[in-house]
Every structure is written in structure tokens, then in C-alpha cells.
Amino acid sequence: MSARTGRLPPLAGVRRREWLGAGLGLALAGCGTPPASNPTGPSIGRVVVVGGGFGGATAARHLRLWGGNIDVTLVERNPQFVSCPLSNLVLGGYRGLGELTLGYDGLKAVGVKVVQGEAQAIDPATKTLRLADGTALPYDRLIVAPGVDFLFEQVDGLKAALDSGTVTHAWKAGPQTLALRRQIEAMPDGGVFAMTIPRSPYRCPPGPYERACVVAAYLKAAKPKSKLLVLDANPEIQSKKALFERAFKQHYDGLIEYRPNNELKEVSGRQARLEFEDVKADVLNVVPPQRAGDLARSAGLINVNGRWAGVNWLTMESTAVPGVHVLGDAVFAAPAMPKSGHMANQHAKVAAAAVIQLLRGEAVNAAPLVMNTCYSFVSATEAVHVASVHTYDNAEKTFKPVAGAGGLSAAASADEGRYAQAWAQNVWADMLAL
Ligand SMILES: Cc1cc2nc3c(=O)[nH]c(=O)nc-3n(C[C@H](O)[C@H](O)[C@H](O)COP(=O)(O)OP(=O)(O)OC[C@H]3O[C@@H](n4cnc5c(N)ncnc54)[C@H](O)[C@@H]3O)c2cc1C
């Protein structure tokens, strides 16, 4: 880390070897043997993908990579991809958001048609996706990976507080991340940073606790009289519990205070009304309760708990709307399967392989295998990880974790910090064809 700027060394300095050395690679991701591609044969069909995040971009790339002559159109509302993974480091001032912002030129170069636009409606009868500007995109198969949107109605005053800019979520990386960083920088020494965590499931189970650590690392150095309150609706830390508890105690004793069973009910200015107490903060960061993204809702894809899209795990095809496949955070997760970028990347590979096979009239892979590794920073430089492998269970028609195949770090280390940076670079390269 540079003593002058507080920034970590540039991401370009991370070597691929270190990632492979970690033994937790993406290389076997998704689906066993991918279908062989034939780039010069007749087109096997038109696939439209909505969402250029971890799920959608990966699917678009692998459809082209494995599908040969297949028409792939990716619809994404934003001009560039901004990564949520590593975005907590921006809050601590250890990375710039520009380092996590990447373009879609790699996908264009491999033959994906990238359309910047807002997908608005799906007509499964005519197999057409309609965009907000009126464009109609016909498809043979549609892949929807819209990520999450927020259940504002569950917290009184939250929408207004976010709209006014008083409160931030920073749970979609971009302007919100920068706004929260500015608030943290402007906070007085001796001020209170309070963050709220919704009940599970939400995007990135360890993400809020990583955020607490990284913001606390900054406060410890720059504003040591401050306090950081973690107000968790859940009864306990939701991922890597012992590792985060150790980090809170070892590095941030007296700075971080963790309060479980504390669900946010109402926001007014920077005041949070929780189930059993009121908290006034100088900076209030609310991770809102979540559901599948808006398009999933308007298209009738949400059919589990009023929040998530149910899928056939062999193909990722929706159990509500035929011909439409759903990926990533929007999906009702299989047992012990996290909502993560890595897992969205894996869903995408299962879907890409299955869509190609369905278009060719071939049988789909009956035994897919997926994996997940999630790194979390506990300081500016040290990280921990949790890893898991999930295999399809034909009897229960879902993915199940493979006993003994995953694991947790024994302790935080700077080596894992470097693996975490390398993981990010590799998954970005894998999804965006960089
Ligand atoms: C702070 C934080 C840290 C995280 N750290 C990690 C980590 O270390 N490792 C990890 O694996 N995961 C991490 N995650 C989780 C990860 O970011 C998500 O699980 C992942 O982004 C899910 O991928 P997705 O494709 O489902 O959704 P997204 O990546 O959110 O992609 C959805 C895309 O769809 C677009 N879109 C939505 N609706 C429309 C529409 N109607 N028309 C056009 N475009 C649309 C959006 O603009 C977006 O680009 C983290 C998340 C957060 C918030």
C-alpha cells in the first residue's frame, strides 16, 4: 500500500499465477464438457441476454465461445460494467472506482452485439423482448440476469432518504459508492457511522461485514475517535462468522460494535428506527432488503416467496415462463448457494451450455457442477475466503453442496488479499472477454 495515497498497488500488478496458485480457479466452472463450437456453420439461433453484470456478460461470452455461429445480443442499461466485488475497498480509499469499471469492447470483439438500453417487457408468445425506446428484439431463447432491486416498502422513509441523498445503500457499485465514500471522508472524528443489514437472503452474504472492516480500517487511521455500528436484522454474522468476529476484536475493538437481531423499520434523516432502539448517525448506510430485479417482476418470473425466480437447475430455464432463462442474484438459490458474482458466473455457464444444446436439439448435461469462492477484506490488505462446490442432485432436482469440498481460511492474510485481487481480475476477464 502506498503510504502517500493509502491506495493499494495497481490491479495490473497481480499475476495470473497467484490466482492459479490459490487452487480455487474458475477453470472448471459450470458444466463439465462444454458443447463443441462450429463458428462457420449455419446460425443455430438467436439468443438475447438482459443484464451485462456477472451473470449476463458471462452467458453472452460463453454462448459465443461454445456456440459457434449463434446470434447473441446483450442488452445493458449502463455504458460500462462497474464491479461490486472490491467496491468496499473504494469506501476505505484503498481503490478508485475507475479501477473497477470496465467496458464491453471484449464482448463486441468476440461477436456479441451489445445494445445499451432498458429492457422493458417480455412477450413469451411472440418471443420478443421490448426495450424502453420501442426496439423489439426477437429471440429463440432469452436469458435474464437483472440482479436485484430493493424492497423499499419494507422500511418506512427509506426511498425518500435514498432519493434525497441523505442516506446511501452503495449495494450497486457506481455513484452510490462514491457518494458514501464522500460522506465517510466528511464525517467528523468522533462521529458515528451506522450500517444496517437486512434479513437473509440478500446479495453477497459476507459483503456487509467486509464493509464494516474496511470502513473501520479507514476510521482507525484517519478518525480514531469514531464509532462504527453494525445493526444486523439477522441473529448472527451470516458468513465467515468466526473470521469476522476475530477481525472485529483483533483490529477494531472499541471501534466496531456489532448488534444482532436489530431490524431496520424506519429511516428519517440520518436517524434509524430499529426494532428495539433508535440510532442517530453522522453517516447512515442502509443495505436494503432485496428481491429479483424489476424486469423479473414485471415479466412474471418471480414465483418464489414473492421475491425470487424459480428455475430448472439443469438449464436455468424459468419455472414460470418457458423459453426464458434466469441467472444470478435474481434466482431463488439452491440450499447453501450464495448470491455472489462467482455463483452468477457459474449459473451463466450452466445456462449457456444448456441453451446451445437445446437450440441444437441435443440432450443437456444431466450432472452439472458449480463452485464458489468469496473473498472478503478484513483490513486494507488482508483477506479471508470461503469456498464451496455444489453438484446437481437428480432426486431433489436442485444443487447441493458437496461435503468436504469447500472450506474457510484458517486466518486472514496478505497473501489472501492478493488472491482476492487476482480473483477479481480473472472473473472480469472471464465474463467480459478481456
Ligand atoms: C459491496 C459488495 C461486495 C461484493 N463482493 C463480492 C465478492 O467479493 N465476490 C462475489 O462473488 N460477489 C460479490 N458481490 C456480489 C455480486 O456483486 C453479485 O452477486 C453479482 O453482481 C450478481 O450478478 P448478477 O449478474 O446477478 O447481477 P449484476 O451483476 O448486478 O448485473 C445485473 C445487470 O443487469 C442490468 N439490468 C438490470 N435490469 C435491466 C434492464 N431492465 N435493462 C437493461 N439492463 C438491466 C444492470 O444494470 C446490471 O448491470 C458483492 C456485492 C456487493 C454489493
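This one's a predicted model, so the numbers in the text were calculated from it and none came from an experiment. (Residues numbered from 1 in each chain as written. Predicted model: local features only at pLDDT ≥ 70, side-chain atom pairs only at ≥ 80, totals over all residues. Heavy atoms only, no water.)

Asker: Explain the overall build of the chain here, please?
Answerer: Looking only at helices and strands, the chain features 11 helices and 27 strands. A compact globule built from 434 residues should have a C-alpha radius of gyration of about 22 Å, and the chain, at 21 Å, falls within 12% of that. Counting every position in the chain, which comprises 434 residues, the buried fraction comes to 56%. Pairs at least 24 residues apart make up 70% of the contacts formed inside the chain by residues separated by at least 6 positions. Element-wise, carbon and sulfur atoms account for 52% of the exposed surface of the chain, whose accessible area totals about 17000 Å². (Helix = DSSP H or I, 4+ residues; strand = E, 2+ residues; numbered from the N terminus. Rg over C-alpha atoms; globule rule 2.2 N^0.38 Å. Buried < 20%, exposed > 50% of the residue type's maximum accessible area, 1.4 Å probe, protein only. Contact = heavy atoms within 4.5 Å. Areas by Shrake-Rupley, 256 points an atom, 1.4 Å probe, with all protein chains shown as cover.)

Asker: Whenever I open this one, the state of the cysteines confuses me. Can you help?
Answerer: A covalent bond bridging the sulfur atoms of two cysteines is what the word disulfide describes. If you walk through the whole model with that rule in mind, you get zero disulfides. Looking at the unpaired C204, the closest cysteine sulfur is the one in C374, lying at 4.6 Å. Given a relative accessible area of 22%, C204 falls into the partly exposed group. We note that C213 lacks a disulfide partner, and the nearest cysteine sulfur, in C204, lies 13 Å from it. (Disulfide = S-S within 2.5 Å.)

Asker: Explain the pattern of salt bridges here, please?
Answerer: A side chain of one charge can pair with a side chain of the opposite charge if their charged atoms are brought near each other. All told, the structure shown has 27 salt bridges when counted by the stated rule. The shortest N-O distance in the salt bridge between D415 and R418 comes to 2.4 Å. Of this pair, D415 and R418 both sit in helix α11 (residues 414–432), three residues apart, which is roughly one turn of that helix. When its relative accessible area of 36% is taken as the criterion, R418 is described as partly exposed. Among the ionic contacts, a cluster of salt bridges with common partners joins K227, E257, R259 and E277. (Salt bridge = Lys/Arg side-chain N within 4 Å of Asp/Glu carboxyl O.)

Asker: How should I be thinking about the confidence of the model for the chain in this particular structure?
Answerer: Low pLDDT marks regions whose predicted coordinates should not be analysed in detail. This prediction gives the chain a mean pLDDT of 93; 92% of its residues lie at or above 70. Confidence drops under pLDDT 50 across residues 13–32; counting only partners more than four residues distant or on other chains, this segment forms 47 contacts. (pLDDT = per-residue confidence, 0-100.)

Asker: I'm lost on the site of the ligand in this one. Help?
Answerer: If you check the shell around the ligand, you find 34 residues, and the closest are G55, E76, R203, D329 and G341. Residue R77 places a main-chain N or O atom 3.2 Å away from a nitrogen atom belonging to the ligand. Contacts to the ligand include R203, whose side-chain N or O atom sits 2.6 Å from an oxygen atom. In the complex, the protein chains occlude 93% of the 990 Å² of accessible area that the ligand would expose alone. Elements supplying a minimum of two residues to the shell around the ligand: α2 (54–67), β2 (71–76), α3 (87–91), α10 (341–360) and β24 (369–377). Counting residues per element, the shell around the ligand draws most heavily on α10, at three residues. Taken together, the residues of the shell around the ligand sort by class into 14 nonpolar, 13 polar and seven charged. (Near = heavy atom within 4 Å. Polar contact = N/O pair within 3.5 Å; in protein donor to acceptor, adjacent residues only side chain to side chain. Nonpolar A, V, L, I, M, F, W, Y, C, P; charged D, E, K, R; others polar.)

Asker: What am I meant to see in α11 here?
Answerer: For an α-helix, 3.6 residues make a turn, and residues three or four places apart therefore share a direction. The end-to-end C-alpha separation of α11 is 27 Å, in line with the 27 Å expected for 19 residues at 1.5 Å each. Directly beyond the C-terminal end of α11, a positive phi value near 55 degrees is found at A433. (Expected span 1.5 Å × (residues − 1).)

Asker: Which parts of the structure should I look at to understand the sheet that holds strand β12 (residues 227–232)?
Answerer: By way of backbone hydrogen bonds, the strands of a sheet pair with one another, either parallel or antiparallel. Sheet architecture is open: four strands sit in the order β13-β12-β11-β17, paired in parallel fashion. If you trace the sheet from one side to the other, it starts and ends with β13 (256–259) and β17 (283–286), each paired once. In this sheet, neighbouring strand axes are inclined to one another by 15 degrees on average, regardless of whether the strands run parallel or antiparallel. In terms of strand pairing, strand β11 (residues 192–197) meets β17 through four bridges, oriented parallel. In the sheet register, F193 faces β17, and the bridge partner there is V283. Of the strands in this sheet, β11 and β17 touch helix α6 (residues 175–186), which is tilted by about 150 degrees from β17. (Pairing = 2+ DSSP bridges. Axes fitted to C-alpha atoms, helices over the stretch in contact; angles between N-to-C directions.)

Asker: Please clarify how the packing of aromatic side chains should be interpreted in this entry.
Answerer: For any pair of aromatic rings, the description consists of the separation of the ring centres together with the inter-plane angle of the planes. In total, this model carries seven aromatic pairs according to the counting rule given. By way of ring pairs, the aromatic residues Y209, F244, F248 and Y258 are connected into one cluster. When the ring centre of F152 is taken as reference, the NZ or CZ atom of K159 above it lies at 5.6 Å. Its end group placed over the ring of W308, K339 keeps NZ or CZ at 3.8 Å from the ring centre. (Phe/Tyr/Trp six-rings, centres within 6.5 Å; stacked < 30°, edge-to-face > 60°. Lys NZ or Arg CZ within 6 Å of the ring centre and 35° of its normal.)

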